[in-house]
Amino acid sequence: MMSTADTSTASKDERSADAPSLSRQWNSIDWNEAEKNVRHMQGRISKAYSEGRTSLAKRLSYLLVNSFHAKALAVKRVSIQNKGKRTPGVDGELWLSAKSRMEAVNSLNKGKYRSKPLRRIYIPKKNGKLRPLSIPTMYDRAMQALYALALDPIQEAMADPNSYGFRIGRSCQDAMKQIQLMMASSQRPQWVLEGDIKGCFDNFSHEWMMDNIPMDKHVLKEFIKAGFVFQGQMFPSEKGSPQGGVISPILANITLNGMEETVRRHFPKTNLIRFADDFVVIVKSKGIADEVKDYLMEFLKERGLELSQEKTVITHIDNGFDFLGWNFRKFGKQNKKVLHVRPSRKSTQSLKDSIKESVLIHGKAKSQDELIRELNPKIRGWCNYHRSVMSSRTFANLDSFIFQTLFRWAMRKHNDKGKKWIANRYWHPIGRRKWVFCTDDNQLISAKDVKSKRHVKIRNKTNPYIDTAYYLDRQKNRKYERGYRDKSFAM
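Residues numbered from 1 in each chain as written. Predicted model: local features only at pLDDT ≥ 70, side-chain atom pairs only at ≥ 80, totals over all residues. Heavy atoms only, no water.

## Some details on the overall build of the protein
Link 1 in the chain: Counting secondary structure elements, the protein contains 18 helices and 13 strands.
Link 2 in the chain: Each principal axis of the C-alpha atoms in the protein carries an extent, and together these give about 90 × 65 × 50 Å.
Link 3 in the chain: A separation of at least 24 residues holds for 67% of the contacts in the protein among residues at least 6 apart in sequence.
Link 4 in the chain: A gap of 7 Å separates the mean positions of the 89 positive and 51 negative side-chain charges of the protein. (Helix = DSSP H or I, 4+ residues; strand = E, 2+ residues; numbered from the N terminus. Contact = heavy atoms within 4.5 Å. Lys, Arg positive; Asp, Glu negative; His and termini not counted. Charge placed at Lys NZ, Arg CZ, Asp CG, Glu CD.)

Here's what the structure looks like:
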C-alpha cells in the first residue's frame with residue numbers, strides 16, 4: 001500500500017507527465033478545420049433564426065458552445081489574438097503556455113458557470129474625462145468569446161440593414177456611403193437628427209436584456225451581473241454591459257436593433273444609419289425630426305436608455321454635421337447643391353495634436369529614425385481611413401503642419417545651427433519629392449502620396465454567415481479600404 005508521501009509524489013509525476021501531452025494536444029489542433037466546422041455551424045444557426053425556427057437555432061447554439069473546436073477557438077482568441085492577452089483579471093491568471101491553454105479548453109463550459117467580478121480601471125478620453133473599462137478574468141473572457149460564437153450569427157439574422165458597427169465585413173466607410181446615397185441629390189431629404197445616447201453601455205436595462213437576448217439565461221446573467229472591483233472594494237452591477245467584455249458589443253447591437261424598423265414603420269421615407277451607439281436620422285423636415293426623436297426616446301426608454309438632450313440636435317445639411325470623423329455639408333446654388341464629405345475638423349485636429357505630442361513633447365530625446373517609425377503608422381492609418389472622401393486639400397494641409405512641427409523639433413535639437421544646416425541634415429530629395437524627412441534606412445510618408453480610392457459599399461441586407469460567397473468575393477477582390485481587412489471571416 002502506498003504512503004501519503006508516495007501518493008503525493010506520484011500525483012506530481014503525473015502532472016509533470018501530463019504537461020507535454022497537453023502542450024502536444026494544443027499544438028496539434030487543426031485551426032483551419034476548427035474554423036471551418038464552427039463557421040458551418042454558425043451558418044446553420046443564422047439560417048434557422050432568420051427563418052423563424054428559433055427552437056432549432058437554440059439547439060444548434062447549445063451544440064456549438066459545447067463543441068471542442070468552438071472552445072479551442074474561444075481560448076485562442078483571448079490568449080493569443082486579443083490585445084489584452086497579457087492583462088489579467090482579478091485572479092491575476094494568464095494563459096501564456098500551450099499547456100495552460102489546453103487546460104482551459106478542457107475546463108471551459110464545464111459544470112455550473114460562475115463568473116468572477118471584473119477588475120475596473122479608468123482610461124482617459126479625448127475630452128479629458130475618464131472612461132470606465134472592466135477587465136474580466138481569462139476564464140470569463142473565454143466564456144464570453146465562446147458564447148459570442150453562437151450569439152453573433154443570431155445578431156446578424158436580426159440586425160437592422162443600416163447598422164454598421166461591430167459587424168463582420170462592415171465599416172465606418174459603409175455608413176458614410178449610405179449617408180451619401182441618401183443625401184447626394186438636391187431632391188433628397190435635407191434635415192438630419194444627430195443622435196447621442198447618454199452612457200449607452202453603462203445603462204442597458206438588465207431586465208430587458210434577460211427577457212429579449214436569445215441565449216442561455218443563466219450564463220447571460222453571470223456576464224452582466226458580475227460586478228466589479230475597484231481599489232479593493234466590490235461594487236454590484238445593476239445595469240449596463242461592461243465595456244471591455246468580449247461579448248458586450250454583440251449584446252449592445254441586439255439591444256439597439258429595431259431602431260431603424262421603428263422609425264421606418266412610422267415614417268416610411270426616413271432613413272436611420274447607426275454605427276454602434278452613434279446614429280443619424282435623415283428626414284424631410286424639422287417637424288418630422290422632432291416626431292422621430294419622440295419615438296426614439298420611447299424605444300430607448302424600454303431598454304433603460306435615453307437621448308442626451310444637449311448632444312442630440314437637428315441640423316440642416318446646408319449647415320453640415322459631423323459623423324464618424326467626417327463632415328457632411330452641401331454647397332452651391334439652390335437646386336444645384338453638391339454634397340461634400342471631408343475629414344472633420346475635430347478628427348484632423350485630433351491627429352495634429354497626437355503628432356505634436358509625439359514630436360514636441362515626448363520626442364525631445366528621440367532620434368530621427370525613431371520619430372519616423374512612430375509617425376508613419378499614425379499618418380498612414382488616418383489617411384487610409386479618409387482616402388475615400390474629398391481629402392486632398394486636408395492631406396496637403398496635414399503635410400504642411402507635419403513639416404513645420406518637425407522643423408521646430410530639429411531647431412530645438414540643434415539650437416546652435418542655422419535653418420539651412422537643419423534642412424540639409426534632415427530633409428533630402430527622393431524621386432519627385434524635394435523635401436523628404438528621411439534617414440539612410442527610413443523615410444516619413446507624405447499624406448498627399450496616399451491615393452484616393454472609392455469605397456464600394458456593402459449590400460444592406462447581407463449576412464456573412466449565409467451570403468458567404470459575396471463576403472469572400474469582397475475580400476478576394478480587395479474592395480475593402482486598405483488597412484481594413486476582416487480577419488474574422490477568413491476561412
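## With respect to empty space enclosed by the protein
Link 1 in the chain: Under the definition given, this model contains one cavity of 30 Å³ or more.
Link 2 in the chain: Empty space within the largest cavity amounts to approximately 40 Å³.
Link 3 in the chain: Every residue lining the largest cavity is listed: Tyr113, Ser115, Lys116, Leu118, Pro136, Asp140, Gln144, Glu222, Phe223 and Ala226.
Link 4 in the chain: Of all elements in the fold, only α6 (138–158) and α10 (217–224) reach the threshold of two or more residues within the lining of the largest cavity.
Link 5 in the chain: The residue makeup of the lining of the largest cavity, split by class, is five nonpolar, two polar and three charged. (1 Å grid on protein atoms, 1.4 Å probe; cavity = no way out; pocket = protein on both sides within 12 Å on 5 of 7 lines; lining within 4 Å. Points joined across faces, edges and corners; volume = space filled by probe spheres on them. Nonpolar A, V, L, I, M, F, W, Y, C, P; charged D, E, K, R; others polar.)

## Some words on the sheet that holds strand β1 (residues 118–124)
Link 1 in the chain: Ordered by their spatial adjacency, four strands build an open sheet running β2-β1-β4-β5, and the pairing between neighbours is mixed. The sheet is open, and its two borders are formed by β2 (130–135) and β5 (233–235), each paired with just one other strand. Direction aside, the axes of adjacent strands within the sheet are offset by 40° on average.
Link 2 in the chain: Where β1 and β2 come together, six bridges link them in antiparallel fashion. Counterpart to Arg120 in the pairing with β2 is Ser134. (Pairing = 2+ DSSP bridges. Axes fitted to C-alpha atoms, helices over the stretch in contact; angles between N-to-C directions.)

## Section: the sheet that holds strand β9 (residues 321–323)
Link 1 in the chain: Strand order across the open sheet formed by three strands is β9-β10-β11, with antiparallel pairing between neighbours. Each end of this open sheet is capped by a strand with a single partner; those strands are β9 and β11 (338–343). Across this sheet, the average inter-strand angle for adjacent strands is 30°, counted without regard to direction.
Link 2 in the chain: Bridge count between strand β10 (residues 326–331) and β11: six bridges; the pairing is antiparallel. For Phe328, the partnering residue across the bridge sits in β11 and is Val341.

## A short note on helix α12 (residues 259–266)
Link 1 in the chain: Within the span of α12, buried status applies to Met259, Glu260, Thr262 and Val263. All buried residues of α12 project into a common sector of 165° when viewed along the axis, lining one side.
Link 2 in the chain: Buried residues in α12 make contact with α11 (248–256), β6 (271–275), β7 (278–283) and α13 (286–302). (Buried < 20%, exposed > 50% of the residue type's maximum accessible area, 1.4 Å probe, protein only. Arc of directions from axis to C-beta.)

## Concerning the side chain of Ser446
Link 1 in the chain: Locating Ser446 in the fold gives a position in the loop between β13 (433–437) and α18 (468–476).
Link 2 in the chain: For Ser446, a relative accessible area of 7% translates into the label buried.
Link 3 in the chain: In contact with Ser446, other than residues within four places in its own chain, are Asp399 and Arg433.

## Observations concerning the packing of helix α3 (residues 54–65) against α6
Link 1 in the chain: At a minimum axis distance of 9 Å, the contact between α3 and α6 shows a crossing angle of 150°. Judged by the inter-axis angle, α3 sits roughly antiparallel to α6. In the packing of α3 onto α6, the handedness of the crossing is right-handed. Where α3 approaches α6, its residues Ser61, Leu64 and Val65 are matched on the opposing element by Leu146, Tyr147, Leu149, Ala150 and Ile154.
Link 2 in the chain: Partitioning the contact of α3 with α6 into residue classes produces seven nonpolar, one polar and no charged. (Parallel < 35°, antiparallel > 145°, perpendicular 65-115°, else oblique. Left-handed = near helix turned anticlockwise from the far one by under 90°.)

## Side note on the confidence of the model for the protein
Link 1 in the chain: Considering every residue of the protein, the mean pLDDT works out to 91; 94% of them sit at 70 or more.
Link 2 in the chain: Segment residues 1–17 is flagged for pLDDT under 50; beyond a separation of four residues in sequence, or across chains, it makes two contacts in the model. (pLDDT = per-residue confidence, 0-100.)

## Focus: the environment of Ile288
Link 1 in the chain: Considering the arrangement of structural elements, one finds Ile288 in helix α13.
Link 2 in the chain: A C-alpha to C-alpha distance of 49 Å links Ile288 and Asn66, two positions 222 residues apart in sequence.
Link 3 in the chain: In this structure, Ile288 is in contact with Phe267, Thr270 and Val283, ignoring residues within four places of it in sequence.

## Re the packing of aromatic side chains
Note on aromatic pairs: each is described by the distance of the centres and the angle between the planes.
Link 1 in the chain: Under the criterion given, the structure shown has 21 aromatic pairs.
Link 2 in the chain: An angle of 65° between the planes, with centres 5.1 Å apart, marks the rings of Trp26 and Trp31 as edge-to-face. Each member of the pair, Trp26 together with Trp31, is buried.
Link 3 in the chain: On the basis of an interplanar angle of 10° and a centroid distance of 5.1 Å, the ring pair of Phe321 and Phe328 is categorised as stacked. (Phe/Tyr/Trp six-rings, centres within 6.5 Å; stacked < 30°, edge-to-face > 60°.)

## A word on α11
Link 1 in the chain: Counting buried positions over the nine residues of α11 gives nine, a clear majority of the element.
Link 2 in the chain: When we look at burial in α11, the residues that qualify are Ser248, Pro249, Ile250, Leu251, Ala252, Asn253, Ile254, Thr255 and Leu256.
Link 3 in the chain: At the C-terminal side of α11, Gly258 shows a positive phi close to 110°.

## Digging into the nonpolar core
Link 1 in the chain: Counting residues in hydrophobic clusters, the biggest one holds 72 residues, and the most contacted among them are Tyr147, Met215, Phe223, Ile247, Val281 and Leu296.
Link 2 in the chain: The leading source of residues in this core is α6, at 11 residues.
Link 3 in the chain: Not counting the four nearest positions on each side in its chain, Tyr147 is found in contact with Val65, Asn109, Met215, Asp216, Val219, Phe223 and Ile247.
Link 4 in the chain: Among the nonpolar cores identified, the runner-up in size contains 27 residues, and Val359, Leu360, Phe407 and Ala423 belong to it. (Core = buried A, V, L, I, M, F, W, Y, C linked by side-chain atoms within 4.5 Å.)

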